[in-house]
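What follows is the residue order along each chain.
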Amino acid sequence: MTGPDVQALAMETLATEMIEHLPFARRDAFGARARIGLIVLASDWTVEGEFREILSPLMPEVALYQARIANDPIITPDSLAAMGPRLADTAATLLPGAGLDVIGYGCTSASTVLGEDFVTQHVQSAKPGVAVTTPITAALRAFETLAVRRVAVLTPYTRDVNAIVLRYLTERGIEVPVFGSFNEPDDAIVAQIDRNSLTEAISRLRANQDVDGIFVSCTSVRLMDAVEELEAEIGLPVTSSNHALIWDCLRQAGVTEPIAGRGRLYRL
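Note that residues are indexed from 1 along each chain, following the sequence as it is written. In keeping with the model being predicted, local features are shown solely for residues with a pLDDT of at least 70 and side-chain atom pairs are shown and tallied solely at 80 or more, while totals for entire chains, interfaces and linings include all residues. Side-chain descriptors were evaluated using all non-hydrogen atoms of the structure, hydrogens and water having been removed beforehand.

A look at helix H8 (residues 159-171)
Here H8 is 13 residues long and its end C-alpha atoms lie 18 Å apart, about the 18 Å a rise of 1.5 Å per residue gives. Every residue pair with non-hydrogen atoms within 4.5 Å of one another is taken to be in contact. In this description a helix means any DSSP run of H or I spanning at least four residues, a strand means any run of E spanning at least two, and both kinds are numbered starting from the N terminus. As for H8, its buried residues are in contact with helix H3 (77-81), helix H5 (108-114), helix H6 (116-126), helix H7 (135-146), strand E5 (150-155) and strand E6 (175-181). In a helix, the anticipated span is given by 1.5 Å times the number of residues less one.

Overview of the side chain of Thr219
One can find Thr219 in the loop between strand E7 (213-216) and helix H11 (227-234). The term polar contact refers here to a pair of N or O atoms within 3.5 Å; inside protein, the definition further demands a hydrogen-donor-capable atom paired with an acceptor-capable atom, and it admits residues adjacent in sequence only when both atoms are side-chain atoms. A polar contact is formed between the side chain of Thr219 and the backbone oxygen of Gly106, at a distance of 3.1 Å. Apart from the residues within four sequence positions on either side, Thr219 is in contact with Asp44, Thr46, Val47, Gly106, Cys107, Thr108, Pro135, Ser241 and Asn242.

Focus: the pattern of salt bridges
Every case where a carboxyl oxygen of Asp or Glu lies within 4 Å of a side-chain nitrogen of Lys or Arg is listed as a salt bridge. As enumerated under the stated definition, the model contains 11 salt bridges in all. Two residues, Arg141 and Asp248, come together in a salt bridge whose shortest N-O distance is 2.6 Å. Taken together, the residues Arg141 in helix H7 and Asp248 in helix H12 (residues 241-252) connect sequence positions 107 residues apart. In this structure, the salt-bridge partner of Glu175 is Arg150, at a minimum N-O distance of 2.7 Å. Of this pair, Glu175 sits in strand E6 while Arg150 sits in strand E5, and the two are 25 residues apart along the sequence. The class for Arg150 is partly exposed, based on a relative accessible area of 24%. If you follow the salt bridges from partner to partner, you end up with Glu116, Glu171 and Arg172 in one network. With a 1.4 Å probe rolled over the protein chains alone, any residue whose accessible area is under 20% of its type maximum counts as buried; one over 50% counts as exposed, and the rest are partly exposed.

Remarks on the environment of Leu94
Within the element layout of this structure, Leu94 appears in the loop between helix H4 (87-92) and strand E3 (102-106). Owing to a relative accessible area of 1%, Leu94 belongs among the buried residues under this scheme. Linking Leu94 and Ser79, residues 15 residues apart in sequence, is a C-alpha distance of 23 Å. For Leu94, the contacting residues outside a window of four places in its chain are Gly37, Leu38, Ile39, Tyr65, Gln66, Ala67, Leu100, Ile103 and Lys127.

Some remarks on the packing of H7 against H12
Each pair of packed helices gets described by two things: the angle between the helix axes and the distance between those axes. Contact geometry for H7 and H12: axes closest at 8 Å, N-to-C directions at 80 degrees. With respect to each other, H7 and H12 are oriented roughly perpendicular. For the pair formed by H7 and H12, the contact residues are Pro135, Ala138, Ala139, Arg141, Ala142 and Thr145 on the first element and Ser241, Ala244, Leu245, Trp247, Asp248 and Gln252 on the second. When residue character is reported, Ala, Val, Leu, Ile, Met, Phe, Trp, Tyr, Cys and Pro are called nonpolar, Asp, Glu, Lys and Arg charged, and the others, Gly included, polar. Per-class residue counts for the contact of H7 with H12 are seven nonpolar, three polar and two charged. Every angle, taken between N-to-C directions, lies between 0 and 180 degrees, and every axis is a line fitted to C-alpha atoms, over only the stretch in contact when it is a helix. Should an angle fall under 35 degrees it is taken as roughly parallel, and over 145 as roughly antiparallel, whereas 65 to 115 is taken as roughly perpendicular and any remaining angle as oblique.

Observations concerning the sheet that holds strand E8 (residues 238-240)
Across a sheet, strands are paired by hydrogen bonds formed along the backbone, either parallel or antiparallel in direction. Within the open sheet, the four strands sit side by side as E6-E5-E7-E8. Their pairing is parallel. Strand pairing shows two members of the sheet lacking a second neighbour, E6 and E8, which therefore form its edges. Going from strand to strand, the sheet's axes swing by 20 degrees on average, the running direction of each strand aside. Packing of H8 onto the sheet brings it into contact with E5 and E6, and relative to E6 it is tilted by some 160 degrees. Most of the contacts of helix H10 (residues 195-206) go to E5, to which it runs at about 145 degrees, and overall it touches E5, E6 and E7. Strand pairing is assigned whenever DSSP detects at least two bridges linking the two strands.

Looking at the side chain of Thr133
Tracing the sequence through the fold places Thr133 in strand E4 (residues 131-133). Not counting residues within four places of it along the chain, the set of residues in contact with Thr133 comprises Val102, Ile103, Gly104, Tyr105, Ala138, Arg141, Leu245, Asp248 and Cys249.

Observations concerning unusual backbone geometry
The omega angle of the peptide bond from Met59 to Pro60 is 5 degrees, so this bond is cis rather than trans. In this structure, His21 takes a positive phi of about 55 degrees despite not being glycine. Mapped onto the elements of the fold, His21 is located in the loop between helix H1 (3-13) and strand E1 (34-41). Look at His21 and you get exposed, because its relative accessible area is 81%. In the Ramachandran plot, Asn183 falls in the positive-phi region, its phi being about 50 degrees despite a non-glycine side chain. By the secondary structure assignment, Asn183 is in the loop between E6 and helix H9 (187-190). Judged by its relative accessible area of 42%, Asn183 falls in the partly exposed class.

Considerations on helix H2 (residues 47-55)
Listing the buried residues of H2 in full gives Val47, Glu48, Glu50, Phe51, Ile54 and Leu55. Viewed along the axis of H2, the buried residues span an arc of 165 degrees, placing them on a single side of the element. Against E1, strand E2 (62-69), H12 and helix H13 (264-267) lie the buried residues of H2. It is the directions from the helix axis to the C-beta atoms whose arc is reported.

Structure (structure tokens):
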């Protein structure tokens with residue numbers, strides 16, 4: 001006896017009135033104004049939480065839909081490159097059959113290893129026509145919006161990954177007079193770097209350096225709640241991978257109004 005036959009027999013033996021095809025009306029689903037897709041590293045503890053910090057006041061009209069991509073939590077050039085072939089299949093799991101306004105790929109270092117064009121092509125192979133952004137794409141747009149050209153960069157990465165990120169930025173016209181790193185390859189540990197450590201590192205980077213902005217690279221780093229205070233303290237614009245990525249996703253999705261309390265970038 002097949003599955004449907006078993007189900008039909010069970011229905012017949014139940015002393016229950018079954019009323020099917022009940023009428024219903026529909027209302028707007030979450031994301032009636034904008035639907036943002038996000039590809040999250042399996043090892044990332046931070047990016048979804050920081051997205052929610054910004055999007056919560058905008059919901060349910062603006063909605064976030066996430067998919068996790070398999071990755072090694074120890075970040076190396078090879079482990080970052082290994083995500084490339086998985087991008088399309090992961091993107092395909094985001095609201096199958098429905099449209100999204102933008103998809104963000106939540107990994108800064110992998111975006112520099114693979115290249116922004118590679119990421120866009122593979123995501124769009126699963127979601128044709130969707131806007132695509134990455135943290136490095138968003139950071140470059142943020143620098144332009146903020147009129148920032150000389151940037152102090154802080155990362156958690158090891159030297160081999162840092163070299164790729166530094167070259168990627170300088171090849172795109174960004175001057176990096178000083179580059180600092182915690183040299184921690186484990187995503188789970190990076191997610192726990194505290195606010196005071198970040199603040200002290202930023203202060204050390206900008207000491208005696210002529211820079212006009214700060215960029216903290218890595219979606220596992222938690223900085224969103226500190227940006228406004230940091231900018232007031234140091235007098236320079238500050239952005240991070242998540243801070244820039246969320247801003248760019250919103251604007252790619254047509255959500256352009258200023259958001260208070262999140263730093264200069266969000267007030268523009």
